Every structure is written in structure tokens, then in C-alpha cells.
Amino acid sequence: MAITSLRRIRAKTVRSAVASVALGERLPNAAYVATGALLLFSLSLILFPSQDSSASRELAGKATCKVCHGRALLGLRSFVLLLFTLSGVMPWLKNKIIPQIVDRKQFEASFNLDKYYGFAAQILYHFVLSGCFATAIYTSDNTLYHLATLAEPAYCTFDILLLLFTGVSFTHWQLKPLLVHHTISCACCHALMYGIPESMYGKLLQLVFHLSSGFCLGIANLLQTPSLKLSTLQRLWLQVVSMMFWAATRVGLVFLLGICTLMDAARIHPAQYRQVMVELNAAAIGSFAFVVIKTPIITRALQEAIQESLGKGRRVTRVHERS
């Protein structure tokens, strides 16, 4: 009876995984379509601007950060401070704190611990920023929002400098995804901080970016942690959840919030909304390019998990038949 129940659960999970693989194979094309739709929507807003800007003038400049006061040079000062802070905190987490929590001895000698601990530190970083954005949305604290927004380009700059000077980035990424990541962060930062700082959709957009990254990277690290002793079925289920969450947030939610943020740009900042639109579109293109780069990796891992689960299922069946 227990074997039959396990077979049903396994079969249902495998069907979900196969559907997730099919979704993953189509997701890059969906990212291309979303990019084109956002560009066309931006073009329509530029060609046919809204004439009612009285409410926009009242909103413009209302929400000001106490740190930079809407001035780029003061924002640059905060950026440099964050760059130096993250350059110290991130390696400290990677080399000192996380190894005390996740024991090195459980991993095989050939395992890339440097990459694993780097991603673990980055996961913590993403969840901390998610908390900052959620708090900023709840409290309408623009200073916290600005500092959290500046943290991402500061981290990306640290990561690229580390790659250039040492030959190895913090999480062992290559230059292409790092530059794509940097494009998203810098374009988002300038557009949302100085263009439309009072846009709720801009805040939600950044929350989605960090939450989805932290969640999916967290699952990837969990799957590699031997001490958790995850079963084949649990590993498969986690990868299905990761793919579904990735698709829903990084394509679905990012597209919807992108449309709403572009509308806010035209409404809130009529004087400079064309510049803001260019920056937001650069961020959107970078984000969807990241989906195109990352999704095949998640899909391939999911396919391998399906094969492993099917092989395990056949072995269990043979043992049951013999007994």
C-alpha cells in the first residue's frame, strides 16, 4: 500500500516536472516577447503623451531621500560608502560566518566550496534587501528605499572589480552575466531613485527582483547541501517549485510591474520621463536577457532530476517485485 502511494506521488511530481521543463523551454521566447511588448508600450507613451500633468507636478520632488536629497553627487557618496561596506561584509560572510554554519567536512574534496559559500552570502544579501524593500513599501521610508536601491549597483561594481583584479568573481560568474546584472541594477537605480522615487510599482519591482533571486538561489544551494539528506522526490519537487517561481516572478510579475512602472514614469515625471523610459527599458532588456541566460541552466538541472527520479522509481519497483 505504501509503495503504491509513493508511486502515485512520484508520478504526479514527475508530471509536474515534465510540464515545468516544457515551460522552461518556452520561457526564453516569452522573455523576448515581453521585451518587445514593453518597448512598444514605451514607444506608444512617448508618441502619445498624456496632457494632464497638473497632478504630476505636485508629485514630482515630493519624496526626497534624506541622504542624497535628490542630488546625484550626494547619491554617489552613498554609493561609494555602500561599495566599501559590501566589499568588507560579503567576503566576511563568505569566508568566516557561513562556513561556521554549514560545515566544510560534509562536502567532497572536489566540490567547489568557494562558489557554494559565495552564493550562500549572496542569498542572505538578497533576502536582507527584500526585507528592506518590504519595509520601505510598508512605511513609505524613501531613505531606506534609496539606500537599498543603491546597494545593488554597489554590489555589482564590487563583483566586477573582484573579477578584473583576481580573475574570479564573488560567485564564480562569468563577465557576460555580471555585465547584464550591472546593466539592470544601474539603469533601475537611476530611473527609480531620481526619476520616479514615489512609484509604488518601482519599489515592488525591486522587491520581486531580489526575492526571486534569493528564493531560486536558495533552492539551488539547498540541493547541494549533503547534510540535509534530501530524497530524490524532494529534490525534484524543490526544482519544480524553483522553475515555477522563476517563471511567475521574473517573466510574469516583472512584465506586469514593468508596464505599471512605465505608466508611472509618464504620469509622475513629465519633464524627464523620456530619459526615465530609456533607463527602465534598459533595465527590462537586461532582466529578460538574464532570464534567457539563466533559464536553460534551471531547465537542464530539472531534466537531470527527472531522469534520476525515474531511475530511482524503477529500482524501487524491481525491489518490490522481488520481495
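Residues numbered from 1 in each chain as written. Predicted model: local features only at pLDDT ≥ 70, side-chain atom pairs only at ≥ 80, totals over all residues. Heavy atoms only, no water.

The name given to the protein chain in an unreviewed UniProt entry is TLC domain-containing protein, with the source organism recorded as Durusdinium trenchii.

Draft legend 1. Region of interest: the overall build of the protein chain. Helices and strands together make up the secondary structure of the protein chain, namely 9 helices and 0 strands. Ordered by position from the N terminus, the helices and strands of the protein chain form the series α-α-α-α-α-α-α-α-α. When the accessible surface of the protein chain is summed, it comes to about 16,600 Å², and 65% of that surface belongs to carbon and sulfur atoms. (Helix = DSSP H or I, 4+ residues; strand = E, 2+ residues; numbered from the N terminus. Areas by Shrake-Rupley, 256 points an atom, 1.4 Å probe, with all protein chains shown as cover.)

Draft legend 2. The packing of helix 5 (residues 142-166) against helix 6 (residues 175-195), seen in detail. Interaxial distance between helix 5 and helix 6 falls to 9 Å at its minimum, and their mutual angle equals 155 degrees. In terms of their interaxial angle, helix 5 and helix 6 are classed as roughly antiparallel. Note that helix 5 runs across helix 6; the crossing there is left-handed. Across the interface between the two elements, Tyr145, His146, Thr149, Leu150, Glu152, Pro153, Cys156, Thr157, Asp159, Ile160 and Leu163 of helix 5 pack against Leu175, Leu178, Leu179, His181, His182, Ser185, Cys186, Cys189, Leu192 and Met193 of helix 6. Residue composition of the contact of helix 5 with helix 6, grouped by class: 13 nonpolar, 6 polar and 2 charged. (Axes fitted to C-alpha atoms, helices over the stretch in contact; angles between N-to-C directions. Parallel < 35°, antiparallel > 145°, perpendicular 65-115°, else oblique. Left-handed = near helix turned anticlockwise from the far one by under 90°. Contact = heavy atoms within 4.5 Å. Nonpolar A, V, L, I, M, F, W, Y, C, P; charged D, E, K, R; others polar.)

Draft legend 3. Local environment of the environment of asparagine 221. Relative to the assigned elements, asparagine 221 resides in helix 7 (residues 200-223). Counting along the chain gives 98 residues from asparagine 221 to isoleucine 123, while the straight-line C-alpha distance between them is 9.1 Å. In this view, asparagine 221 contacts Tyr116, Phe119, Ala120 and Ile123; residues no more than four positions away in its chain are not counted.

Draft legend 4. Structural detail: the side chain of serine 309. By the secondary structure assignment, serine 309 is in helix 9 (residues 273-322). Sequence-distant contacts of serine 309, that is, excluding residues within four places in its chain, are made with Arg10, Val14, Thr232 and Leu236.

Draft legend 5. Local environment of the packing of aromatic side chains. With the rule as written, the count across this model stands at 13 aromatic pairs. Taken together, a centroid distance of 6.3 Å and an interplanar angle of 55 degrees make the contact between tryptophan 246 and phenylalanine 290 tilted. Remark: phenylalanine 290 occurs in helix 9 and tryptophan 246 occurs in helix 8 (residues 232-268); sequence separation between them is 44 residues. Each member of the pair tryptophan 246 and phenylalanine 290 is classed as buried. Each member of the aromatic cluster is reached from another via a ring pair, and the members are Phe107, Phe111, Tyr116 and Tyr117. The residue whose ring lies beneath lysine 94 is phenylalanine 170, and the NZ or CZ to ring-centre distance is 4.7 Å. Positioned above the aromatic ring of tyrosine 145, the side-chain terminus of lysine 203 is 5.3 Å from the ring centre. (Phe/Tyr/Trp six-rings, centres within 6.5 Å; stacked < 30°, edge-to-face > 60°. Buried < 20%, exposed > 50% of the residue type's maximum accessible area, 1.4 Å probe, protein only. Lys NZ or Arg CZ within 6 Å of the ring centre and 35° of its normal.)

Draft legend 6. Just the pattern of salt bridges, in detail. The tally for this structure, following the rule as stated, stands at 2 salt bridges. For the salt bridge of lysine 94 with aspartate 114, the shortest nitrogen-to-oxygen distance reads 3.2 Å. Of the two residues, lysine 94 is situated in helix 3 (residues 72-101) and aspartate 114 in helix 4 (residues 113-139); the sequence distance between them amounts to 20 residues. On the basis of relative accessible area, aspartate 114 is assigned to the partly exposed category, the value being 34%. Across the salt bridge formed by aspartate 264 and arginine 267, the nearest N and O atoms sit 2.9 Å from each other. Separated by 3 residues within a single helix, aspartate 264 and arginine 267 lie in helix 8, roughly one turn from each other. Aspartate 264 gets classed as buried once you look at its relative accessible area, which sits at 6%. (Salt bridge = Lys/Arg side-chain N within 4 Å of Asp/Glu carboxyl O.)

Draft legend 7. Focus on the packing of helix 7 against helix 8. Close contact between helix 7 and helix 8 brings their axes to 9 Å; oriented N to C, the two are set at 165 degrees. By the angle class used here, helix 7 and helix 8 are roughly antiparallel. As for the relative orientation of helix 7 and helix 8, their crossing is left-handed in sense. Classifying every residue of the contact of helix 7 with helix 8 gives 19 nonpolar, 8 polar and 3 charged.

Draft legend 8. Region of the structure containing the confidence of the model for the protein chain. Per-residue confidence for the protein chain gives a mean pLDDT of 85; residues scoring 70 or more make up 85%. Within the protein chain, no element has a lower average pLDDT than helix 2 (residues 54-59), which sits at 47, and none a higher one than helix 4, at 95. Taken as a whole, residues 53-62 scores under 50 in pLDDT and shows 10 contacts with residues more than four places along the chain or in a different chain. Here residues 316-323 is a poorly scored stretch, pLDDT under 50, and it has 4 contacts once near neighbours within four places are set aside; other chains count. (pLDDT = per-residue confidence, 0-100.)

Draft legend 9. How the structure looks around the nonpolar core. Core analysis: the largest hydrophobic core is formed by 83 residues, its most contacted members being Met90, Tyr155 and Leu280. Put simply, the parts of the chain that give this core at least two residues each are helix 1 (2-47), helix 3, helix 4, helix 5, helix 6, helix 7, helix 8 and helix 9. Those residues in contact with methionine 90 that lie beyond four places of it in its chain are Ala121, Gln122, Tyr125, Tyr155, Phe158 and Phe170. (Core = buried A, V, L, I, M, F, W, Y, C linked by side-chain atoms within 4.5 Å.)

Draft legend 10. Looking closely at the UniProt feature "transmembrane region" (unreviewed entry) in the protein chain. Mapped onto this numbering, the UniProt entry gives "transmembrane region" (unreviewed entry) at residues 30-48, 72-93, 116-138, 150-173, 179-197, 204-223, 243-264 and 276-293. Spanning residues 150-173, this segment combines 71% helix with 0% strand, and its end C-alpha atoms are found 21 Å apart. Taken end to end, residues 204-223 has its terminal C-alpha atoms 28 Å apart, with 100% of it in helix and 0% in strand. (UniProt positions renumbered as here; feature names shortened; annotations may be inferred.)

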